[in-house]
Amino acid sequence: MFGLDVITFWGIIRCLYWVYMVLAVATALSVVLNNRVPVKTLAWVLVILGVPFLGLFVYYVFGRDYRRRRLINRRSLTQIQKKCFPVYNRAKVVKSTPERYVSLVKFFENVADAYPVTNNSVEILSDGASFFTRLIREIYAAKEHIHVQFYIFMDDAMGHLLRDVLMDKAREGVEIRLLYDDVGCWSVDRNFFEEMRCAGMYVQAFLKERFPMLSSSLNYRNHRKVVVIDGKTAFIGGMNVADRYVTGGAWGCWRDVMLCVRGEAVYGIQVSFLIDWFFADRSLVSGARYFPKVDVPAGPMMQVVVSNPIGRWREMLQGVGHLVSNCKEYLYIQTPYFMPSDFVLTAILNLALAGVDVRIMVPERSDSSITELASRSFLGDVMAAGVKVYLYRGGFLHSKMLVCDDVLASIGSANIDFRSFECNFEINTFVYDEGVARQLKAVFMEDVRSCRLFTYKEYKEHSLGQRLKESLARLFSPVL
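Residues numbered from 1 in each chain as written. Predicted model: local features only at pLDDT ≥ 70, side-chain atom pairs only at ≥ 80, totals over all residues. Heavy atoms only, no water.

Student: Would you mind going over the packing of helix α13 (residues 342-353) against helix α14 (residues 369-384) with me for this structure?
Tutor: In a packed pair of helices, the relevant descriptors are the angle between the two axes and the axis-to-axis distance. Packing of α13 against α14 leaves a shortest axis separation of 9 Å and a crossing angle of 30°. Considering the angle they form, α13 stands roughly parallel to α14. Residues Leu345, Ile348 and Leu349 of α13 touch α14, and the partners they reach there are Phe378, Asp381 and Val382. By residue class, the composition of the contact of α13 with α14 is 5 nonpolar, no polar and 1 charged. (Axes fitted to C-alpha atoms, helices over the stretch in contact; angles between N-to-C directions. Helix = DSSP H or I, 4+ residues; strand = E, 2+ residues; numbered from the N terminus. Parallel < 35°, antiparallel > 145°, perpendicular 65-115°, else oblique. Contact = heavy atoms within 4.5 Å. Nonpolar A, V, L, I, M, F, W, Y, C, P; charged D, E, K, R; others polar.)

Student: Teacher, can you tell me more about α13 here?
Tutor: For an α-helix the count is 3.6 residues per turn, leaving residues at separations of three or four pointing the same way. Between its first and last C-alpha, α13 extends 16 Å over 12 residues, near the 16 Å set by a 1.5 Å rise per residue. Those residues of α13 that fall on the buried side of the exposure criterion are Val344, Leu345, Ala347, Ile348, Leu351 and Ala352. One face of α13 carries all of its buried residues, which in axial projection span an arc of 160°. (Expected span 1.5 Å × (residues − 1). Buried < 20%, exposed > 50% of the residue type's maximum accessible area, 1.4 Å probe, protein only. Arc of directions from axis to C-beta.)

Student: I tried to follow the state of the cysteines on my own but got confused; where do I start?
Tutor: Applying the stated criterion across every chain yields a total of 1 disulfide. Across the disulfide, Cys327 is cross-linked to Cys404 (sulfur-sulfur distance 2.4 Å). Within this pair, whereas Cys327 is found in the loop between α12 (315-325) and β10 (330-334), its partner Cys404 is found in strand β15 (residues 401-404), the two being separated by 77 residues in sequence. A relative accessible area of 0% means that Cys404 is categorised as buried. (Disulfide = S-S within 2.5 Å.)

As structure tokens, this is what we get:
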């Protein structure tokens, strides 16, 4: 009897094993047939076939495109833009673009509806104290409406301060909308946001999750950080709302950059927010009062570029690759995570091998050990081609900045990694202006003082075990 029970038990185990193998192979074939980016396809196939049972579970929870197909289609997006934003669509399209960037400007126009505009002013806010001080001052000056969007809005001292300021304005009758990412605010007490609603604010979570740890839409997060005030002033960049941007954390302040923008470029930031609001609230907010007449004289030419995982094109990925390919003298990059796609990596390698001064700054210590390992592997590649790599030691470098040739700069929410290029909802502003580029270059050079140079010789001296960990982490970089 006991022998029969054992035979039956192992028979069930073998049956389950073959059922699992058939399901795993079928799933792997489905991934291949989806025609994803080859590296990403290979990464998921390795996860599914190389990590028994757990790999299949991880793919079905995090890897499938449930939300990508049903969030909103391109036709609906175009209709929303045409119905809600006629003022923005009539904004002056600039013809006097620097010749070398005509193709980049046209690319963003064609794939991202990003119109180049010149009636703008730009102020660079390169630390948390200056950003939040300026933001609160502008909020108190608001008369009509305030639109706030952050990936993370913490319920710490800074979060409470900003919340109380917004609630004060709501009680004054100013129309306020707050959009936060549900996954980015996992740890925030929901009563924190409910108090804002009770004060008269409109508050929504982007892609709200009932069981966030068991949801495929974890892959599709809204990573944007913008504030629009009265349709005239906007803030855009990489900072979230948290104490760490001012008072720091265990290893120092989070170093980041925001831009304060006035003028026609605010229209593009407003468009981005209102479309995201439609996603979250399913209410159409439109009208000329959200796009007031601009009284800012001609200044830096700008394009506000949004990217998302639902369209046919990868606006940020392709645009950054295009920007890199057109650099002639220098390219300076700040990013907290350096895990570029093959397209961007090849463009950077080509620049360095052609003798262009390419410098990349990343944090010496990351907030994620696996992304730090993967980043080191990619940094080894670019250092071999002659790229100078700086490891920031003054805290955690969270800035997302590219500066090129004293003529072009990009600031926004997108990191140089697969997640920002493929999965997240991101927003960057591209500024075609010598003055702004020089100022951001100066910010980069000032940050160099808080860095140490990471050399290719030092990288090659990593132990075999360390390099193996870095290489293994790199295999999974497309799904991190």
